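Understanding the architecture of this molecule
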Amino acid sequence: MKFSVSWLRDHLEFDAPLEVLSEKLTSIGLEVEEITDRAKELEAFRVCHVLKAEQHPDADRLRVCQVDTGTETVQVVCGAPNAKTGMKGVFAPSGVYVPGTDLLLKPSKIRGVESNGMLVSEREMGVSDEHDGIIELPENTEIGLQYAVLAGLDDPIIEIAITPNHQDALGVYGIARDLAAGGFGTLKALDTSVVEGVYDSPIDVELRFEASEDPLPCSKFLGRYVRGIKNGPSPKWMQDRLMSIGLRPISALVDITNFVTFDLGRPLHVFDADKLNGNIQPRFARDGETVLALDGEEYTLSSADCVIADDSAPQGIGGVMGGETSGCTEETVNVFIEAALFDPICIATTGRRLNIESDARYRFERGVDPDFVETGMEIATRLVMELCGGEPSHVVSDGSGPEWKKQVNLRKTRVKDLGGIEVSVDEMMQTLDRLGFNPQDAGDSILTDVPSWRMDIDGEADLVEEVMRVHGYDNIPAVPLPRLTTVAMPSVNIAQRRVRTAKRALACRGMIEAVTYSFLPRAHADLFGGVDDSIVLANPISSDLDAMRPSLLPNLVAAAGRNQARGYNDICLFEVAGEYHSDAPDGQKTVAAGIRAGASGGRHWDGAGRAYDLFDVKADVLDLLEAVGGPAATAQITTGAPEWYHPGRSGVVQLGPKNRLAVFGELHPAVLDAMKVKGPVMGFELYLDNIPKPKGARKTAKDPLKVSDYQAVERDFAFIMDADVPSDKVLRAAKGADKKLISEATIFDIYEGASVGEGMKSVALSVRLEPKDGTLTDEEIEAVAAKVIANVEKTSGGTLRR
Amino acid sequence: MQDIETLESELLSEINNANDLDTLEAVRISALGKKGRVSLMMRGLGKMSPDERQVVAPKLNNLKQSITVAIDNAKAALNLAAMQARLSSERVDVTLPVRPEMQGRIHPISQVMDEITEIFADMGFTIAEGPDVEDDFHNFTALNIPPEHPARQMHDTFYFPEKEDGSRQLLRTHTSSVQVRTMQSVKPPHRIVVPGRTYRSDSDQTHTPMFNQIEGLVIDKTSHMGHLKGVLKEFCRAFFEVDDVEMRFRPSYFPFTEPSAEMDIRCTFAGDHIKIGEGDDWMEILGCGMVNPKVLAHCGIDPNEYQGFAWGMGIDRIAMLKYGIPDLRAFFDSDLRWLKHYGFVPMDVPTIGGGLSR
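Read on for a plain summary of the structure. (Residues numbered from 1 in each chain as written. Chains lettered and ligands numbered in written order. Predicted model: local features only at pLDDT ≥ 70, side-chain atom pairs only at ≥ 80, totals over all residues. Heavy atoms only, no water.)

1. Let's talk about the pairing of strand E32 (residues 588-597) of chain A
Residue and element names in this part refer to chain A.
- Buried residues dominate E32, accounting for seven of its ten residues.
- Here strand E31 (residues 571-580) pairs with E32 via ten bridges, running antiparallel. Each residue of the ladder has a partner; that of Tyr580, found in E32, is Gln588.
- Judged from the seven bridges that link them, E32 and strand E38 (residues 681-687) form a sheet pairing that is antiparallel. Bridging from a neighbouring strand, Ala592 pairs with Leu686 of E38. (Buried < 20%, exposed > 50% of the residue type's maximum accessible area, 1.4 Å probe, protein only. Helix = DSSP H or I, 4+ residues; strand = E, 2+ residues; numbered from the N terminus. Pairing = 2+ DSSP bridges.)

2. Things to note about the packing of helix H2 (residues 21-32) of chain B against helix H4 (residues 50-89) of chain B
Residues and elements named next belong to chain B.
- Look at H2 against H4: their axes get within 10 Å of each other, and the N-to-C directions meet at 170°. What the angle tells us is that H2 and H4 run roughly antiparallel. Contacts between H2 and H4 involve Leu21, Leu24, Arg28, Ala31 and Leu32 from the former and Lys64, Ile67, Thr68, Ile71, Ala74, Lys75, Leu78 and Asn79 from the latter.
- A breakdown of the residues in the contact of H2 with H4 according to their chemical character gives eight nonpolar, two polar and three charged. (Axes fitted to C-alpha atoms, helices over the stretch in contact; angles between N-to-C directions. Parallel < 35°, antiparallel > 145°, perpendicular 65-115°, else oblique. Contact = heavy atoms within 4.5 Å. Nonpolar A, V, L, I, M, F, W, Y, C, P; charged D, E, K, R; others polar.)

3. Quick word on helix H6 (residues 172-181) of chain A
All names here are of chain A.
- Burial analysis of H6 places ten of its ten residues in the buried class, the great majority of the element.
- Taken residue by residue, H6 has Val172, Tyr173, Gly174, Ile175, Ala176, Arg177, Asp178, Leu179, Ala180 and Ala181 as its buried positions.
- Gly183 lies just past H6 and shows a positive phi near 90°.

4. Structural notes on the pairing of strand E39 (residues 713-722) of chain A
Residues and elements named next belong to chain A.
- Pairing of E39 with strand E41 (residues 760-769) involves ten bridges; the strand directions are antiparallel. Pairing of Asp716 across the sheet is with Ser766, part of E41.
- Across two bridges, the pairing between E39 and strand E42 (residues 799-800) is antiparallel. Each residue of the ladder has a partner; that of Ile720, found in E42, is Thr799.

5. Focus on the nonpolar core
- If you look at the biggest cluster of nonpolar residues, it comprises 123 residues, and the most contacted ones within it are Phe519(A), Leu573(A), Phe235(B) and Trp311(B).
- Val205(A), Met321(A), Ala339(A) and Cys346(A) belong to the second-largest nonpolar core, a separate cluster that totals 87 residues. (Core = buried A, V, L, I, M, F, W, Y, C linked by side-chain atoms within 4.5 Å.)

6. Description of the sheet that holds strand E1 (residues 2-4) of chain A
All names here are of chain A.
- One open sheet accounts for three strands, arranged E1-E13-E3; its pairing is antiparallel. Of all the strands in the sheet, the pair left with one neighbour each is E1 and strand E3 (32-36). For this sheet the average axis-to-axis angle between neighbouring strands, irrespective of direction, equals 20°.
- Where E1 meets strand E13 (residues 157-160), three bridges bridge the pair, whose relative direction is antiparallel. Within E13, the position partnered with Phe3 by the bridge is Ile158.
- Lying over the sheet, helix H2 (residues 18-27) contacts E1, E3 and E13, oriented at roughly 160° with respect to E3.

7. Brief notes about the packing of aromatic side chains
- Applying the stated rule across the entire model yields 26 aromatic pairs over all chains.
- Here the aromatic residues Tyr517(A), Phe519(A), Phe158(B), Tyr199(B), Phe331(B), Phe332(B), Trp338(B) and Tyr342(B) are joined through ring pairs into a cluster of three or more.
- Just above the ring of Tyr362(A) sits the side chain of Arg366(A); from NZ or CZ to the centre is 3.9 Å.
- Above the ring of Tyr159(B), the side-chain terminus of Arg168(B) is found at 3.6 Å from the ring centroid. (Phe/Tyr/Trp six-rings, centres within 6.5 Å; stacked < 30°, edge-to-face > 60°. Lys NZ or Arg CZ within 6 Å of the ring centre and 35° of its normal.)

Honestly, it's all geometry; don't read function into it.
As structure tokens, this is what we get:
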């Protein structure tokens, strides 16, 4: 909402400077967004006297002027054809910024002649498009006067943000009323006198809605005929007001409707009465009915839209936009003025569906003062008669408007209890009185009548806000929130703690955390298992962001592609966030996922980097599992990762077949091809929600450390077996041979080649024996070794290599 | 006994002449080995008379002692010389770069989220979370935003397809939906903060369709707007790590709070940098207010018994403010150069005791 300071002065008497006004507006909830003060911008542009204008010695089109600025005489080279001796013009000195040409003036030489400052045109000052020459002012204009003052541009324009509850401030009068209630200035009374009609309106009004309709889309309609008018341009004062807030003057009748809308927050419409056929009937549109609106567009209406029709057709979309066919023109001689009330929801629905933004819609969908229809009509009639002449009829009307009267109670303790600030009962009463609430002291509470222009007020908390915003939010003392415990309790649960730990753990492994969008192109989702239609957006911001991601990997892979395109090929990225499988609350799963592409280390004087392989991401998964307190040691590693992984180079970490903790491996080359990303890329996804939570009572004590003082023994074995026997199985068999004695088993060599046979491999194991009760004898060692051999041979189907 | 003295001078001369450890070892064996000359003479003592022995034995012992010492000294000298020779040949260019290692980083959003939750944890808040895909009730209706409320137009909501029953799920436009979920499922009092992803259909220089918010909620029987101000003051002071932050509360409007306010903090713009807490400008950082009694009622809490306040702010935005990050869109672009530059090293875990940032 924009207005100028002088417009505000039409309704409010005040002396305070602009800064104080601005602060007051913000402090009562009408936040100042911008103040445009042309007088300040153009402060240096002042009236001057051209003492002498002579031909430039070396340029036909230039003149050398001696200019009296009021404080000194300077020489200016000027290219304007109208620069002449004795004229009064506008001068801008060196060092000044010229807004129309985006230029900072500097002393210079033009074709060898010194020039200081500039004689300017209106366009150069940015005040109009006028550029036929420099400004010429009347001879008697005082030298040194600010041009902005002379031209009436010294009227700052204030733009305020209007919150949805402040429908009362959508007119300059309403802003003045709120400022006055807030103790700033004195409100001037509106002229609400009644214009007597001198005949019966030839056009009547009838609301055509079912009585059962609640609320009525149009609950009140006032009309008035004015005959014998002459529509021409509106007077300068009205044009200035409208132009100051960026509206284009059109004709007196149109300007009146705009002016009343912005001045009083009261939208109006004026029909050319001679173009109407019969009487006015606000009604629902018929499905498919069309109307040509004032914006030149033809709109197709539905039975939920309220139209203002005559006997033959809709003449306007009620409360949204008037119709073109019955609009006023220069030739209009008889008019029918409309002042009506529309239901906010109906207006909002129609406006949104037809995508019409209008000043009327903006006000009606927020709520227009239901007790200001008659006054609005009188003011409009008076303006029409003042500007266009004519003779008014009696007012015709139908409907009584919505029931708006309500009373709200404010307990006297409530401002303190809710607002945390002590305000005296006297002050509460005075504030509410100034705001129009007619407060009555009712013992423990104050009973108020909500004014017609405050439709947002419907509870005690609203009244607390009213008292507080006038008293000043800045006066609320800051009070510390009482501590619940001397030392704060933990703020996170185990799942939240795991998310935090996962991020730090992966970053400690040299991975870089990314945060990517939760949505992605559906084509990418399809590469990673696809998504259900229920989580594909109906109104995506672009087709590239239309589906919720079923996995964190595709966005990370796409990020890898973007980084590759920038020339970065060694990429370790991770993200810990949600993936989505349905539109239900439990369809969102928390996952830690990462990718590694390129090489670890990169090229270096000590050797080339090592290309990442699946064991890097397997290490990520196991380390991460350990870091978040998962069962890293007991989880099984198996095959069967989802289809976006390489079928032969991927694995699953699980706790039994039903609880999948993580998947990892090389990403499927076809997936990378489809996303145009250079491979190979390793990836992992760890399902944090699937990690079992500790059971039973919380316990911080660790199990006691059991170490043996007896000599440990290591024994090596090599077995030949089928190449596809999983190593994990071999290790488990070796360890299982004697759980008490064997503390560790590791694989230190894998060999495949002709010497061990086609399709076979040699697996070399090292087994560590840690006796607890005494040093092992050779016999005992041999006995354990035999058990290891037997167990491994049995499990793997292999044989000991001898 | 001339023999002993001669032998001593001979051996000492051999030791002196030994230029390397092998030669020295040969001298040692020839003197003190089993068949060495000194050893043989020692053995001869047994055949002597007691009187003779009494004279010769000490001399022989002295000889052995002196030779042993001489060899040890010579050995040490040779070792030292050998080490010096080796060290003078062993040189590397210490200016060569180290072997490259990947440097991990924490995203500014995670870091700032940790900082914020650390501060609120100290004030007795716990963290609550909820789903990104929400229903109309939790995101709008329960928060006093009925279907045709003009406030719904302020939220450019992402919707999912309409279902058979006419309902449609949406992406939450604010974390306030979690307020509702918490109040519905847990009995008051409440002190929660809710960090999370939020979505609005908006994309330009300063808006991304996904962004991060943190929401706070306090519900009990006595907390009022003064407490709200107190909490936010402490938060700003702690978060921006300054002694004091001047704040400005302005009346505003949110359907879910009444009274409502927006909070600005004092700041100054110096070139690319924003200084918080001083200067002559104001920067809006959050919206807040007392929870609207209608919201409490929607969530099954008696507004005559309980009251409280809520606030919400953009995590991305205050991360940009605190750490001087210019462009919001870059947060979600995963440019390695950006992540390395604006990211945080993993061990920089923000804590109240240890400090939020370096």
